[in-house]
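# Results of the structural survey
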Amino acid sequence: MLTKKQHQLLLFIRDRVGRDGVAPSFDEMKEALQLKSKSGIHRLIMALEERGFLRRLPHRARALEVVKVPDNMLPATAEKASERPSAGFNPNVIKGNFSGAMPGASVKAGAHQESIDLPLYGKIAAGTPIEALRNPTEHVGVPGAMLGTGEHYALTIDGDSMVDAGIMDGDTVIIRRCDTAENGSIVVALVDDKEATLKRLRRKGESIALEPANKAYETRIFGPDRVRVQGKLVGLLRQY
């Protein structure tokens, strides 16, 4: 699931390549998305590459190829966006809607709901682990199409250790509750039954590594009895 800015940038690049035959410059992208620096554009492009939506063509300046678009990026939306001037680029995207309180939420197979309220369990560290999750005091509404089957909940990111995976401080992540996950998944991990953190899970023999996505942080390695998976990352919401 792409963030709002990733959606905007992907559609902007696709429209400009279709119109001009070449991708926009970083300055043009920065202006279209109303960002303050080109470093933000660089991070967005890296995240889109990692997710398989963009590809850089070698030995060519400003050579970006849109490999695919999300299923929810409908043609009608793209056509309307392409009619706008680049400075006013503003496609329809997923927005978070925070209010009230909610005991829990789950999705059944075959269910088709426009919006589902998920419990928001407060902050989780994407840096150094923090205190384990507490009872929810708020909820967040997310599109039903964003969720698969099972029980889901939301968390607010506190920290910057997952920025290279496109997860920023203050983002709201959507988690599917589970107690196991495949190697390389981004998970909510409970350490020593008291500290929760969001990291990439790596199993190395009998050990479990919790791997950040920021070179400023070190991978932490634990024995198998010290880490329990509490859920797997399935989506992300960002407010601007």
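Please refer to the structure higher up on the page.
Counting restarts for each chain, with residues numbered from 1 along the sequence as it is written. Per-residue local features of the predicted model are confined to residues with pLDDT of at least 70, and side-chain atom pairs are confined, for both listing and counting, to 80 or more; whole-chain, interface and lining totals are unaffected and use all residues. The basis for every side-chain value is the complete set of heavy atoms in the structure, and neither hydrogens nor water enter the calculation.

### Some thoughts on the pairing of strand β7 (residues 150-158)
We apply this condition: Following DSSP output, two strands are said to pair if at least two bridges run between them. The helix count covers DSSP runs of H or I at least four residues long, the strand count covers runs of E at least two residues long, and both are numbered beginning at the N terminus.
Sheet analysis places strand β4 (residues 115-125) next to β7, joined by four bridges and oriented parallel. Looking at β7, one finds that K123 is bridged to T156. As paired strands, β7 and strand β8 (residues 172-176) are joined by five bridges and run antiparallel to one another. By the bridge assignment for β8, Y153 is matched with I175.

### Some thoughts on the packing of helix α1 (residues 4-20) against helix α2 (residues 26-33)
Keep this limit in mind: Angular values range over 0 to 180 degrees, each being the angle between N-to-C directions of two axes fitted as lines to C-alpha atoms, with helices fitted over their stretch in contact. Reported orientations rely on four angle classes, namely roughly parallel under 35 degrees, roughly antiparallel over 145, roughly perpendicular from 65 to 115, and oblique for the rest. Here a crossing is called left-handed whenever its near helix is offset anticlockwise from the far helix by less than a right angle, and right-handed whenever the offset is clockwise. Two residues form a contact once any of their heavy atoms are found within 4.5 Å. By the convention adopted, Pro, Cys, Tyr, Trp, Phe, Met, Ile, Leu, Val and Ala count as nonpolar, Lys, Arg, Asp and Glu as charged, and the other residues, Gly among them, as polar.
Two elements in contact, α1 and α2, have axes separated by 10 Å at closest approach and are oriented at 130 degrees. The orientation of α1 with respect to α2, classified from their angle, is oblique. Taken as a pair, α1 and α2 cross one another with a handedness that is right-handed. Contacts between α1 and α2 pair K5, Q8, L9, F12, I13 and R16 from the former with E28, M29, A32 and L33 from the latter. A per-class count over the contact of α1 with α2 returns six nonpolar, one polar and three charged.

### Remarks on the packing of aromatic side chains
The test is simple: Paired rings are identified among Phe, Tyr and Trp, the last through its six-membered ring, by centres lying within 6.5 Å, and are further divided according to the angle between planes into stacked (under 30 degrees), edge-to-face (over 60) and tilted (the rest). Throughout this description, the term charge over a ring refers to an Arg CZ or Lys NZ atom that lies within 6 Å of the ring centre and within 35 degrees of the ring normal.
Per the stated rule, a full pass over the model turns up one aromatic pair. With a centroid separation of 5.4 Å and 80 degrees between ring planes, the pair formed by Y121 and Y153 is classed as edge-to-face. Of this pair, Y121 sits in strand β4 while Y153 sits in strand β7, and the two are 32 residues apart along the sequence. Over the face of the ring belonging to F53 we find K68, whose NZ or CZ atom lies 4.8 Å from the ring centre.

### Structural notes on the nonpolar core
The tendency in soluble globular proteins is for nonpolar side chains to be buried side by side. Here is the rule we go by: In these notes, a set of buried Ala, Val, Leu, Ile, Met, Phe, Trp, Tyr and Cys residues joined through side-chain atoms within 4.5 Å is what counts as a nonpolar core. Note on classification: 1.4 Å probe, protein chains only; a residue is buried when its accessible area is under 20% of the maximum for its type, exposed when over 50%, partly exposed between these limits.
Counting residues in each nonpolar core, the largest one holds 18 residues, and the members touching the most others are L155, I167, V173 and L198. Counting only elements with at least two residues in this core, the list comes to β4, β7, β8, β9 (186-191) and β10 (195-204). If near-sequence neighbours (up to four positions away) are discounted, V173 is found in contact with Y153, A154, L155, I157, I167, L198, L233, G235 and L236.

### Some details on helix α3 (residues 38-50)
Under the convention used in this document: The span expected for a helix works out to 1.5 Å for each residue beyond the first. Here the arc refers to the directions that run from the helix axis out to each C-beta atom.
Relative to the 18 Å expected for 13 residues at 1.5 Å per residue, α3 spans 19 Å between its end C-alpha atoms, a close match to the ideal helical length. Among the residues of α3, G40, I41, L44, I45, A47 and L48 are the ones counted as buried. With its buried residues spanning 160 degrees around the axis, α3 presents them on a single face. If you follow the buried residues of α3, they end up packed against α1, α2, β1 (54-56) and β2 (64-66). At the C-terminal side of α3, G52 shows a positive phi close to 85 degrees.

### A few points about the pairing of β4
Strand direction decides the pairing type here: β4 and strand β6 (residues 138-143), joined by six bridges, are antiparallel. Its bridge partner lying in β6, L120 is registered against E138.

### With respect to the packing of α1 against α3
Two elements in contact, α1 and α3, have axes separated by 10 Å at closest approach and are oriented at 85 degrees. Judged by the angle between their axes, α1 and α3 are roughly perpendicular. Facing K5, Q6, L9 and L10 of α1, the residues of α3 in contact are I41, L44, I45, A47 and L48. Partitioning the contact of α1 with α3 into residue classes produces seven nonpolar, one polar and one charged.

### Digging into the environment of L201
Within the fold, L201 resides in strand β10. When its relative accessible area of 1% is taken as the criterion, L201 is described as buried. Sequence separation of L201 and A189 is 12 residues, and the distance between their C-alpha atoms is 8.4 Å. Look past the residues within four positions of L201 in its chain and what remains in contact with it is A181, E182, N183, G184, S185, V187, I208, A209, L210 and V229.

### Focus: α1
When the terminal C-alpha atoms of α1 are compared, their 24 Å separation across 17 residues agrees well with the 24 Å that a helix rising 1.5 Å per residue should span. When you tally the buried positions in α1, you get 12 out of 17 residues, the bulk of the element. Along α1, the residues that are buried comprise K4, K5, Q6, H7, Q8, L9, L10, L11, F12, I13, D15 and R16. Count one or two residues on from α1 and you reach G21, which has phi positive near 80 degrees.

### Let's talk about the environment of R203
This is how it is decided: Polar contacts, as counted here, are pairs of nitrogen or oxygen atoms within 3.5 Å of one another; within protein the pair requires one atom able to donate a hydrogen and one able to accept it, and residues that are adjacent in sequence qualify only if both atoms are side-chain atoms.
For R203, the location among the structural elements is in strand β10. The spacing of R203 and F222 is 19 residues in sequence and 9.8 Å in space, taken between C-alpha atoms. Those residues within four positions of R203 in sequence are excluded, and the remaining contacts are T180, A181, E182 and N183. Among the polar contacts made by the side chain of R203, one reaches the main-chain carbonyl oxygen of A181 at a distance of 2.9 Å.

These figures come from the coordinates and say nothing about function on their own.
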